[in-house]
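One-letter residues, chain by chain:
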Amino acid sequence: MRKLELPERTIAILFLVPAIVGLLVFYYYPIAHTLVLSMFDLDHTTDLTAERFVGLANYVQVFQSKQFWGSIGFTLFFTVVTVGLELVVGMMLALSTYWVWHRLTGVLRAIIIIPWAIPGIIQASIWRWMFNTDVGIIGDLFVRLGLTEQPPLFLADPNLAKWSVIVAYLWKGASVSAIFLMGGLALVPRDLTDAAKVDGARGWRRFWTITVPMITPTILVTLLFRTMASLQVFDVIYGLTNGGPGTTTETLSSFSYKYYFKFVQYGRGSAYAVVTFLLVLIASIVYIRRVQPHFRFKGLGSE
Amino acid sequence: MTKLQRQRLHVALSVVVTLIVAFFALLPLYWILLTSFKAPGTEFRLPIRYWPAEISLEPYRTILGPDFQVQRAIRNSLVVSTVTTIGALLVASLAAYAIARLRFHYKWSSLLFVQVASMLPPIIVIAPTFLIIRGMGLLGGLPGLIIPNIVYSIPLSTWLIASYFAGLPFELEDAAKVDGSPPLRIYWQIMLPLAAPGLFAAGVIAFLGSWGEFMLAFTISMGLPEAQTIPVAVQGYTMAMQRQWTWVSAAIVLSLAPVILLVMFFQKRVVQGLTLGSAKY
């Protein structure tokens with residue numbers, strides 16, 4: 001029997017077709033569609049008729065609204081604070097798995113990973129209960145430790161709500177960052193990480209002069225992924241405060257979602273989504289230009 | 001300090017560090033577990049009890065009972081995540097094989113095309129995706145959730161599996177090619193089994209990713225209980241039952257048990273996979 005001989009490049013294309021079609025339908029086409037929607041005035045409709053075309057009017061309106069500047073301000077504030085704290089706490093966690101007595105390494109690692117596995121919206125539910133004003137465990141601990149007289153209004157006070165959202169988010173975020181960083185540390189030769197066990201100034205200096213330069217690529221990749229995650233945060237906001245009180249903890253993503261599915265204004269919602277996308281794009285370009293020199297993918301060549 | 005004393009101090013400090021980390025990492029889960037075993041209504045009693053006094057199974061009975069049927073949402077999630085995982089592994093391993101092992105132009109652009117998708121925020125695709133699923137008549141059902149979830153898992157799965165393929169020696173394939181085996185058989189019978197650890201890590205991550213996905217699941221479910229996955233159901237209970245936290249907690253515990261077991265069981269491989277791909281989430 002004669003075999004059907006296909007050239008290798010044809011086979012490659014055939015193997016790639018399912019993935020490419022899927023990505024086109026559910027990633028690339030939707031982006032283009034969102035861009036188009038953002039240029040139409042759509043109130044409870046998605047019909048793109050000529051008279052509904054408004055060009056950049058949605059963006060102009062969005063940029064003129066106080067809500068937008070509030071939400072972009074909170075999104076950026078949230079991102080800077082969470083990414084910074086995640087890196088510090090995550091690094092401490094990752095280093096601690098190398099520092100501790102070897103019999104505890106496995107246990108500690110398992111404990112660190114658990115928050116990563118909790119879905120974001122369930123994480124929000126859990127913290128909602130923890131932040132309960134009357135019988136929440138956090139408020140109770142505050143009172144017991146003598147920090148406040150009464151349990152604080154964690155989710156009802158505008159300023160406090162911002163920090164409550166950040167704390168709830170960090171619980172999982174630090175775990176994710178720690179996992180990335182543990183991977184980077186695993187590539188550092190064992191005798192160098194053992195040097196971390198040297199106490200005091202010597203250990204600290206070795207950390208800065210030897211370990212940090214070696215895991216710089218991992219740190220940059222961690223920052224990249226976590227910055228993108230924070231810029232597009234949705235689940236924790238939606239579940240914990242739903243943007244409240246008022247609109248103080250509203251992020252670009254949560255506002256966009258409200259415009260889409262609550263107010264059914266696809267044009268305005270798309271404008272918010274496009275701004276989110278642009279922020280993520282800018283952040284990734286900035287980081288990727290820094291990561292690239294460190295970056296190689298073996299076996300792929302550099303065509 | 002003698003060496004022995006230093007060692008003892010290190011062990012003692014290690015225990016302290018582990019306990020501190022455990023306190024912060026596990027306190028929320030402990031609090032939910034504790035609440036889920038309180039008799040309904042007693043969770044609002046003051047002063048707050050930090051230890052279980054009596055154990056009530058009432059919250060579990062209620063949440064598993066005919067009014068809520070949390071098991072239906074868990075079953076839905078199991079179906080969605082299992083089918084998503086299988087679909088994603090199939091599609092991604094084919095693409096990964098092409099990218100990592102076959103010679104063709106546009107190799108670099110294909111990789112870029114797949115990876116750029118992973119950087120796109122869900123909010124920019126959600127509305128058109130909703131319209132596509134509506135157009136396909138799949139709103140309010142699980143298939144409308146599974147198909148996009150497979151696609152969402154492709155970038156990371158492809159990356160993980162391709163990294164794994166790239167590390168395998170080329171002699172194996174060359175020998176098979178000399179034998180005249182067709183490419184699909186080389187991929188299926190030789191390469192896939194060799195890449196099993198990579199597939200496994202990708203599979204666990206795809207499973208967990210689709211298990212926790214909320215925005216799309218919430219949008220597609222249209223509020224129908226028979227189309228809700230567990231994150232959507234728990235979010236619904238949280239909103240609807242602000243005064244019934246024992247019920248909500250029981251639902252949360254049931255929803256988390258499978259994923260925590262999965263992660264504990266496959267901890268090493270998941271971490272390897274995640275760090276290899278420096279994944280999102």
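Here is what the cut-offs are and how they apply
Residues numbered from 1 in each chain as written. Chains lettered and ligands numbered in written order. Predicted model: local features only at pLDDT ≥ 70, side-chain atom pairs only at ≥ 80, totals over all residues. Helix = DSSP H or I, 4+ residues; strand = E, 2+ residues; numbered from the N terminus. Rg over C-alpha atoms; globule rule 2.2 N^0.38 Å. Contact = placed C-beta atoms within 7 Å. Buried ≥ 20, exposed ≤ 12 C-beta atoms within 10 Å, placed from the backbone. Domains from an automatic or database assignment. Nonpolar A, V, L, I, M, F, W, Y, C, P; charged D, E, K, R; others polar. Axes fitted to C-alpha atoms, helices over the stretch in contact; angles between N-to-C directions. Parallel < 35°, antiparallel > 145°, perpendicular 65-115°, else oblique. Left-handed = near helix turned anticlockwise from the far one by under 90°. Core = buried A, V, L, I, M, F, W, Y, C linked by C-beta atoms within 7 Å. Expected span 1.5 Å × (residues − 1).

## Quick notes on the overall build of chain B
Phase 1 of the analysis: A count of helices and strands for chain B gives 13 helices and zero strands.
Phase 2 of the analysis: From first element to last, N terminus to C terminus, chain B shows the α and β order α-α-α-α-α-α-α-α-α-α-α-α-α.
Phase 3 of the analysis: The globule rule puts the C-alpha radius of gyration for 281 residues at 19 Å, and the 24 Å found for chain B is more than 25% above it.
Phase 4 of the analysis: Oriented by its inertia axes, the alpha-carbon framework of chain B measures out at about 75 × 75 × 30 Å.
Phase 5 of the analysis: Expressed as a percentage of contacts within chain B between residues at least 6 apart in sequence, the contacts between residues at least 24 apart total 77%.

## A closer look at the overall build of chain A
Phase 1 of the analysis: Within chain A, the secondary structure is distributed over 13 helices and zero strands.
Phase 2 of the analysis: In sequence order, the secondary structure elements of chain A are arranged as α-α-α-α-α-α-α-α-α-α-α-α-α.
Phase 3 of the analysis: Buried residues in chain A amount to 48% of all 303 residues.

## A few points about the domain arrangement of chain B
All names here are of chain B.
Phase 1 of the analysis: Here chain B is partitioned into domain 1 (3-61) and domain 2 (67-277).
Phase 2 of the analysis: Its C-alpha centre places domain 1 at a distance of 32 Å from the equivalent point of domain 2.
Phase 3 of the analysis: Residue-level contacts link nine residues of domain 1 with eight residues of domain 2.
Phase 4 of the analysis: Secondary structure elements with two or more residues in the side of domain 1 that touches domain 2: helix H1 (3-36) and helix H2 (58-64).
Phase 5 of the analysis: With four residues, the single largest contributor to the side of domain 1 that touches domain 2 is H1.
Phase 6 of the analysis: Broken down by class, the residue content of the side of domain 1 that touches domain 2 amounts to five nonpolar, two polar and two charged.

## With respect to the packing of helix H4 (residues 102-117) of chain A against helix H7 (residues 158-186) of chain A
Residue and element names in this part refer to chain A.
Phase 1 of the analysis: The N-to-C vectors of H4 and H7 enclose an angle of 120°; their axes lie 8 Å apart at closest approach. It follows from the interaxial angle that H4 and H7 lie oblique. Read as a crossing pair, H4 and H7 show a hand that is left-handed. Of the residues in H7, those in contact with Ile112, Ile113, Pro115 and Trp116 of H4 are Trp171, Lys172, Ser175, Val176, Ala178 and Ile179.
Phase 2 of the analysis: Its residues placed into classes, the contact of H4 with H7 shows eight nonpolar, one polar and one charged.

## Structural notes on the interface of chain A and chain B
Phase 1 of the analysis: Every contact between the two is made by 85 residues of chain A and, on the other side, 82 residues of chain B.
Phase 2 of the analysis: Looking at the side of chain A that touches chain B residue by residue, the class counts come to 58 nonpolar, 17 polar and 10 charged.

## Here's the deal with the nonpolar core
Most often, soluble globular proteins keep nonpolar side chains buried together rather than apart.
Phase 1 of the analysis: Ala92, Ala95, Ile161 and Ala251 of chain B are the most contacted members of the largest nonpolar core, which has 170 residues in total.
Phase 2 of the analysis: Taken domain by domain, this core gets at least three of its residues from each of domain 1 (3-61) and domain 2 (67-277) of chain B.

## A look at helix H9 (residues 196-212) of chain B
Phase 1 of the analysis: Over its 17 residues, H9 of chain B extends 24 Å from the first C-alpha to the last, a length consistent with the 24 Å expected when each residue adds 1.5 Å.
Phase 2 of the analysis: With 14 of its 17 residues buried, H9 of chain B lies for the most part within the structure.

## Some points on the environment of Ser253 of chain A
Phase 1 of the analysis: Note on placement: Ser253 of chain A falls in helix H12 (residues 252-261).
Phase 2 of the analysis: Assessed through the 26 C-beta atoms surrounding it within 10 Å, Ser253 of chain A is described here as buried.
Phase 3 of the analysis: Residues Ser253 of chain A and Val275 of chain A lie 22 residues apart in sequence; the distance between their C-alpha atoms is 9.4 Å.
Phase 4 of the analysis: Residues contacting Ser253 of chain A, with those up to four places away along its chain left out, are Gln232, Val233, Phe234 and Thr276 of chain A together with Pro121 and Ile123 of chain B.

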